[in-house]
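# Analysis of the macromolecular model
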Amino acid sequence: MARAFGVGSGLDRISSLALDRFRVQWLALASARNPGSSIAHAGAIASRDGIVRERDAAPSLAALGWSDFFAAQCEPHEAGLIPARVATVHRARMSAISPTGPIRLVLPVHAKTGDYTVGDWVLVEPCTDLLLRRLERKTVLARRVEGSKTPQLAGANIDTLFIVTSCNGDFNAARLERYLALVNESGAEPVILLTKADLVDGAQGFLDEAAALQRGLPVAIVNPLSGDAAAALAPWCGPGRTVALVGSSGVGKSSLVNALTGAGADAQETGDIRESDDKGRHTTTSRSLHAIAGGGWVIDTPGMRTLHVSDAASGLETLFAEITELSPNCRFRDCTHEHEPGCAVQAAVASGAVDPERLARWRKLDAENRARTPAAGAPRGRRR
Ligand SMILES: Nc1nc2c(ncn2[C@@H]2O[C@H](COP(=O)(O)OP(=O)(O)O)[C@@H](O)[C@H]2O)c(=O)[nH]1
Ligand SMILES: [Mg+2]
Ligand SMILES: [Zn+2]
């Protein structure tokens, strides 16, 4: 049976369910993006052959971030299934967004929601909303948690990860490098955002120091409280693109999410609808996929309390490229770049080409990564 959302079916379906915060936000956005359209117009028809025909403001597969990478994973016998993007993951339930609208996923028996993360693409059975399988991820932000066998997932299929820090005591090169290692390893593009530049005399020093942390690293100053925050982030956002924010508590991540999701003329309408659904149920601790007003999606990640580096050998290699690129020139293949004769890295430090503090920080992170990455059968560790 093909599923269609007409005026009646869409509204019936919506009113028959207790609206969760996600659903309300999604509908608010669908109508905000297309002023004058009703909720019913934010629908699409998925035919039996799986071809999804877009109608008006409903996110098309492409707008949701679908690409050849995911399409190529679908088997011919799966043509009748609906691809959907996971929007929220709770202990016992998950929701998704598809071109037919928001879906409360029905989980297969024995499914563990911990195996999924916000941003995942899943294939859904159209009539039952049963989650059949997850597609391979393009990128995934993961970290090993002490005492747990499976890594903790903070989001998947993220294109750009904003590492947020502020122009004050929070700014710390060593901590930013930890974030960079994890983000590099995730496969997403890192961008450093500097907030609170309005509270210091000169932000140029912070900008320069951040830019020096990794070759080609984009760094931007952004004030989440100003009206132009969304415009400042626009180069990394847009239809089909997914971004996420990481950084310490208090640096402005939530303010930035608000700036992205409720920007401009739509802010009032979105705010009203959010308020009516609030009931004090703020979900700041769980991750969710939020639509960006100008197109694209932002994943809200809760703060990472500890920031240990593991399973990040290639992430470190990218981060410390000026050091790791020199290693092949060292006399000994297993050179630690500390005391060995004929060390190309030490020679570069002596000539001023490599910052000795960077070398010290690389050594510390590299050792930590080796100590924390299981040697055999590590799915993401790079063999040396
Ligand atoms: N003056 C100023 N305040 C900021 C800036 N960015 C964030 N803030 C404030 O910093 C506080 C913490 O922001 P919040 O978004 O909650 O940070 P989060 O913990 O990272 O989510 C809030 O009071 C913000 O208004 C900025 O660029 N300038
Ligand atoms: Mg916050
Ligand atoms: Zn060396």
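First, a word on scope: everything that follows refers to the structure included in this document. (Residues numbered from 1 in each chain as written. Chains lettered and ligands numbered in written order. Predicted model: local features only at pLDDT ≥ 70, side-chain atom pairs only at ≥ 80, totals over all residues.)

It is worth spelling out the site of ligand 1 at this point. Inspection of the region around ligand 1 gives 15 residues, with Thr195, Gly252, Lys253, Ser254 and Ser255 positioned closest. No other element matches helix H8 (residues 253–261), which puts 3 residues into the shell around ligand 1. For the shell around ligand 1, the per-class residue count stands at 4 nonpolar, 8 polar and 3 charged. (Near = placed C-beta within 6 Å. Helix = DSSP H or I, 4+ residues; strand = E, 2+ residues; numbered from the N terminus. Nonpolar A, V, L, I, M, F, W, Y, C, P; charged D, E, K, R; others polar.)

Ala96, Val124, Leu141, Leu161, Ile163, Ala244 and Leu260 are the most contacted members of the largest nonpolar core, which totals 86 residues. Of the residues forming this core, the biggest block, 6 residues, is contributed by helix H5 (residues 173–186). Leave out the neighbours within four places in its chain, and valine 124 touches Leu81, Ile82, Ala84, Ala96, Ser98, Ile103, Leu105, Asp129, Leu130, Leu131 and Leu132. (Core = buried A, V, L, I, M, F, W, Y, C linked by C-beta atoms within 7 Å. Buried ≥ 20, exposed ≤ 12 C-beta atoms within 10 Å, placed from the backbone. Contact = placed C-beta atoms within 7 Å.)

To continue, consider the pairing of strand S16 (residues 297–300). By the alternation rule, side chains of S16 split into Trp297 and Ile299 and Val298 and Asp300, which are all buried. By the bridge criterion, 4 bridges tie strand S14 (residues 242–246) to S16 in an arrangement that is parallel. Bridge pairing in S16 links valine 243 to valine 298. Pairing between strand S15 (residues 288–291) and S16: 4 bridges, direction antiparallel. Bridging across to S16, leucine 289 finds its partner in isoleucine 299. (Pairing = 2+ DSSP bridges.)

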